[in-house]
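So the chains spell out like this:
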Amino acid sequence: MAEPRALDGRAALVTGAAAGIGRATAERFARAGAAVTVFDRDETGASRVADAIRAAGGRALAVAGDVAV
């Protein structure tokens, strides 16, 4: 069964997206069709998540930063 693409044409910014709940959220938004900005202090981790999303056919951009700053 194909997954619904309810977020086609939308964008999502997910903070803390390099691991755990943030990563799962970024991946879920991407599967739903959103272009995802993977935002985390861990630049390498954010890049890995964005690469995985793109490898699965999604659109993603990794951005390193700290929301507390």
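These lines cover the structure that appears in this document, whether it is placed above or below.

Rules used throughout
- Residues numbered from 1 in each chain as written.
- Predicted model: local features only at pLDDT ≥ 70, side-chain atom pairs only at ≥ 80, totals over all residues.
- Heavy atoms only, no water.
- Helix = DSSP H or I, 4+ residues; strand = E, 2+ residues; numbered from the N terminus.
- Buried < 20%, exposed > 50% of the residue type's maximum accessible area, 1.4 Å probe, protein only.
- Contact = heavy atoms within 4.5 Å.
- Polar contact = N/O pair within 3.5 Å; in protein donor to acceptor, adjacent residues only side chain to side chain.
- Salt bridge = Lys/Arg side-chain N within 4 Å of Asp/Glu carboxyl O.
- Core = buried A, V, L, I, M, F, W, Y, C linked by side-chain atoms within 4.5 Å.

### Description of the environment of Arg5
By the secondary structure assignment, Arg5 is in the segment before strand S1 (11–15). According to the relative accessible area criterion, Arg5 is partly exposed, its value standing at 45%. Not counting residues within four places of it along the chain, the set of residues in contact with Arg5 comprises Ala30, Arg31, Ala32 and Gly33. Only 3.2 Å separates the side chain of Arg5 from the side chain of Asp8, close enough to count as a polar contact.

### Thoughts on the pattern of salt bridges
A complete count under the given rule lists three salt bridges for this structure. Between Arg5 and Asp8 there is a salt bridge, with the nearest N and O atoms lying 3.2 Å from each other. With a relative accessible area of 44%, Asp8 lands in the partly exposed category. Put simply, Asp51 and Arg54 hold a salt bridge, and the shortest N to O gap is 2.4 Å. Of this pair, Asp51 and Arg54 both sit in helix H2 (residues 43–55), three residues apart, which is roughly one turn of the helix. Overall, the relative accessible area of 42% leaves Asp51 in the partly exposed class.

### A word on the nonpolar core
Nonpolar side chains in soluble globular proteins generally cluster together in the buried interior. Counting 13 residues, the largest nonpolar core has Val14, Ala17, Ala26, Val36, Val38, Ile53 and Ala60 as its most contacted members. Those elements that provide at least two residues to this core are S1, helix H1 (20–31), strand S2 (35–40) and H2. At four residues, H2 tops the list of elements feeding residues into this core. Beyond its immediate chain neighbours, meaning those up to four positions away, Val14 contacts Gly22, Thr25, Ala26, Phe29, Val36, Thr37, Val38 and Phe39.

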